[in-house]
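Reading the structure
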Amino acid sequence: MKLGKLDNDTLERLILSRFTKTRSESFGAPRIGMDCATLDFDGDLIVTSCDPITSADAQHIGALSVHVNCNDAAAGGADPVALLVTLLLPPSETEQTVEMIAKDLEAAALLAGVDVVGGHTEVTDAVTRVTTCTTVLARTPRHKTLTGAKVGDAIVMTKWAGLEGTMLIATDRKNLVSSLPRETVEKAQALSSYLSVVPESRIAMQHGAHAMHDVTEGGVLGAVWELAAQAHLGAVVDKALIPILPETDAIAKVTGVDPYRLMASGSLLIACENGAETVEALQKAGISASEIGRITEGGFFLSDGTPLDPPGADELYRLF
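Here we summarise the structure given alongside this text. (Residues numbered from 1 in each chain as written. Predicted model: local features only at pLDDT ≥ 70, side-chain atom pairs only at ≥ 80, totals over all residues. Heavy atoms only, no water.)

Focus: the pattern of salt bridges
Keep this limit in mind: We count a salt bridge whenever a side-chain nitrogen from Lys or Arg sits within 4 Å of a carboxyl oxygen from Asp or Glu. Only DSSP runs of H or I reaching four residues or more are called helices, and only runs of E reaching two or more are called strands; each is numbered from the N terminus. Only protein chains enter the area calculation, which uses a 1.4 Å probe; residues under 20% of their type maximum are buried, those over 50% are exposed, and those in between are partly exposed.
For the structure on display, the rule yields 8 salt bridges. Arg202 is the partner of Asp79 in a salt bridge, and the nearest nitrogen-oxygen pair spans 2.8 Å. A residue pair is termed long-range when its members are at least 10 positions apart, and Asp79 in strand S4 (residues 79-89) and Arg202 in helix H6 (residues 198-206) qualify at 123 residues. A relative accessible area of 33% means that Asp79 is categorised as partly exposed. You can call Arg202 partly exposed: its relative accessible area is 42%. In this structure, the salt-bridge partner of Glu280 is Lys284, at a minimum N-O distance of 3.6 Å. Of this pair, Glu280 and Lys284 both sit in helix H9 (residues 275-284), separated by 4 residues, roughly a single helical turn.

Considerations on the environment of Ala231
With respect to the element layout, Ala231 can be found in the loop between helix H7 (219-229) and strand S9 (234-237). Among the residues examined, Ala231 registers a relative accessible area of 22% and is labelled partly exposed. C-alpha of Ala231 to C-alpha of Ile32: the two residues are 199 residues apart in sequence and 9.5 Å apart in space.

Brief notes about the environment of Leu88
Selection rule: Pairs of residues are marked as contacts when any of their non-hydrogen atoms sit within 4.5 Å.
Among the structural elements, Leu88 can be located in strand S4. On a C-alpha basis, the gap between Leu88 and Arg129 in space is 8.3 Å, while along the polypeptide they are 41 residues apart. The contact partners of Leu88, leaving out residues within four places of it in the chain, are Glu122, Thr124, Val127, Arg129, Val130 and Thr131.

Thoughts on the pairing of strand S11 (residues 289-296)
Defined as follows: Paired strands, in this sense, are two strands between which DSSP finds at least two bridges.
As defined by bridge partners, strand S7 (residues 154-158) adjoins S11 across 5 bridges and the pair is classed as antiparallel. Bridging across to S11, Met157 finds its partner in Ser290. Bridge count for S9 against S11 is 4 bridges, and the pairing is antiparallel. Counterpart to Gly234 in the pairing with S11 is Thr296.

Examining H6
Because an α-helix completes one turn every 3.6 residues, residues spaced three or four positions apart along the sequence face the same direction. Turning to H6, its buried residues number three or more, namely Val198, Glu200, Ser201, Ile203 and Ala204. Considering only its buried residues, H6 is in contact with helix H2 (58-75), S4, S7, strand S8 (209-214), strand S10 (268-272) and H9.

Details of a nonpolar patch on the surface
Filter applied, for reference: Patches here: salt-bridge-free residues with over 30% relative accessible area, like charges joined within 9 Å, nonpolar side chains (Val, Leu, Ile, Met, Phe, Trp, Tyr) joined within 5 Å. All accessible-area figures derive from a Shrake-Rupley calculation using a 1.4 Å probe, and residue coverage is judged against the displayed protein chains alone.
Among the surface-exposed residues, Met1, Leu6, Leu14, Ile15 and Phe19 lie close enough to one another that they form a single nonpolar patch of about 560 Å² accessible area. Here Leu6 is to be found in the segment before helix H1 (8-14). For Leu6, a relative accessible area of 30% translates into the label partly exposed.

Description of the packing of H2 against helix H4 (residues 163-172)
The cut-off we apply is this: In this analysis an axis means a line fitted to C-alpha atoms, helices contributing only their contacting stretch, and an angle means the value between N-to-C directions, from 0 to 180 degrees. By definition in this entry, angles of less than 35 degrees are roughly parallel, angles greater than 145 are roughly antiparallel, angles of 65 to 115 are roughly perpendicular, and the rest are oblique. Under the scheme applied, nonpolar residues are Ala, Val, Leu, Ile, Met, Phe, Trp, Tyr, Cys and Pro; charged residues are Asp, Glu, Lys and Arg; polar residues are all the others, including Gly.
Where H2 meets H4, the closest approach of the two axes is 12 Å, and the angle between their N-to-C directions is 170°. Put simply, H2 runs roughly antiparallel to H4. Residues Gln59, His60, Leu64 and Val68 of H2 touch H4, and the partners they reach there are Glu164, Met167, Leu168 and Thr171. Its residues assigned to classes, the contact of H2 with H4 shows 4 nonpolar, 3 polar and 1 charged.

Section: the packing of aromatic side chains
Selection rule: Ring pairs are drawn from Phe, Tyr and Trp, using the six-membered ring of Trp, whenever the two centres fall within 6.5 Å, and their geometry is named by plane angle: stacked under 30 degrees, edge-to-face over 60, tilted for the rest.
Applying the stated criterion to the full structure yields 2 aromatic pairs. Note on Trp225 and Phe300: the rings are 4.8 Å apart at their centroids and 25° apart in plane angle, and the pair reads as stacked. You can see Trp225 sitting in helix H7 and its partner Phe300 sitting in strand S12 (residues 300-302), a full 75 residues away along the chain. For the pair shown, Trp225 and Phe300 are each scored as buried.

Remarks on the sheet that holds S9
Strand order in the open sheet formed by 6 strands is S8-S10-S7-S11-S9-S12, with mixed pairing between adjacent strands. Strand pairing shows two members of the sheet lacking a second neighbour, S8 and S12, which therefore form its edges. Each strand of the sheet is rotated relative to its neighbour by a mean of 25°, with strand direction disregarded. On the sheet, H7 packs against S7, S8, S9, S10, S11 and S12 and is oriented at approximately 140° with respect to S8. Along the sheet face, H9 touches S7, S10 and S11 and points at about 155° away from the line of S11.

A word on the side chain of Glu315
Here is the rule we go by: Here a polar contact is recorded for every N or O atom pair within 3.5 Å, except that within protein the pair must consist of a potential hydrogen donor and a potential acceptor, and residues adjacent in sequence are included only if both atoms are side-chain atoms.
Turning to its location among the elements, Glu315 is positioned in the segment after S12. Separated by 2.7 Å, the side chain of Glu315 and the backbone nitrogen of Asp258 make a polar contact. Side-chain polar atoms of Glu315 contact the side chain of Arg318, separated by 3.0 Å. Not counting residues within four places of it along the chain, the set of residues in contact with Glu315 comprises Gly256, Val257, Asp258, Arg261 and Leu262.

Functional significance is not addressed by these values, which are geometric in nature.
The structure is reproduced here in structure tokens:
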């Protein structure tokens, strides 16, 4: 099998279609384009999701574990409350590594406004590098749930394409970017401070967001496909309107990766009726935002008519 997430058809056929809803508390389950499950406990709705981190070095794995999972909940319109973190280490690691990861988790959790409330830590030869799997618990008032993208909605994107992938390449594969100016590499490494989408999700919810999706594996084009597919609709996106940082462009050129298909945790897609209003609100809060496309009745295309393929394995896996 190929590295990376299962493609959507295989995921649906082998896994998602297998599970039967038996509990009345199970309000909604994950599906293509929707990364969270929702539980109804007679008060606020509880939103939960889990994700592993497998392609980062130990220096950043704590922060990524926090932000990637909190971003899933935030993209579901919920406020992250708590995290459960499973940490698996190969026998070659040291106590200093464990302490470093714990400090990274602590700092990122404080930044995201969540508590780490439990989990599991184990040294095992089942892994060859440090790996985490984190579960987020979040809450949302039952009257504020997202309704799903609608035909004609604008697609607003926050921040920049390939954000997380740029940071990981510059940090974990320095040999691949050694020909670039030091300033470019350092700017790419500093992108770790932009990995949370919790602030922009709150703003989007205040301005009538119909649906949101964080940009992870498969990059911004894959995320556009998933955002629309979740509502059984289509999308048209203009690549020329997708913002890319100079350091991402430079790293893409020397490594050969496609920045539009490169993971970008820290970027959020928002389907909303008034794109200009949402962009203005985000920019007033100091968050870069652009309107990059529109939800349509069906089909996935770039603005020049080129068909938009569904997401596959992320570009990062070609380098790691």
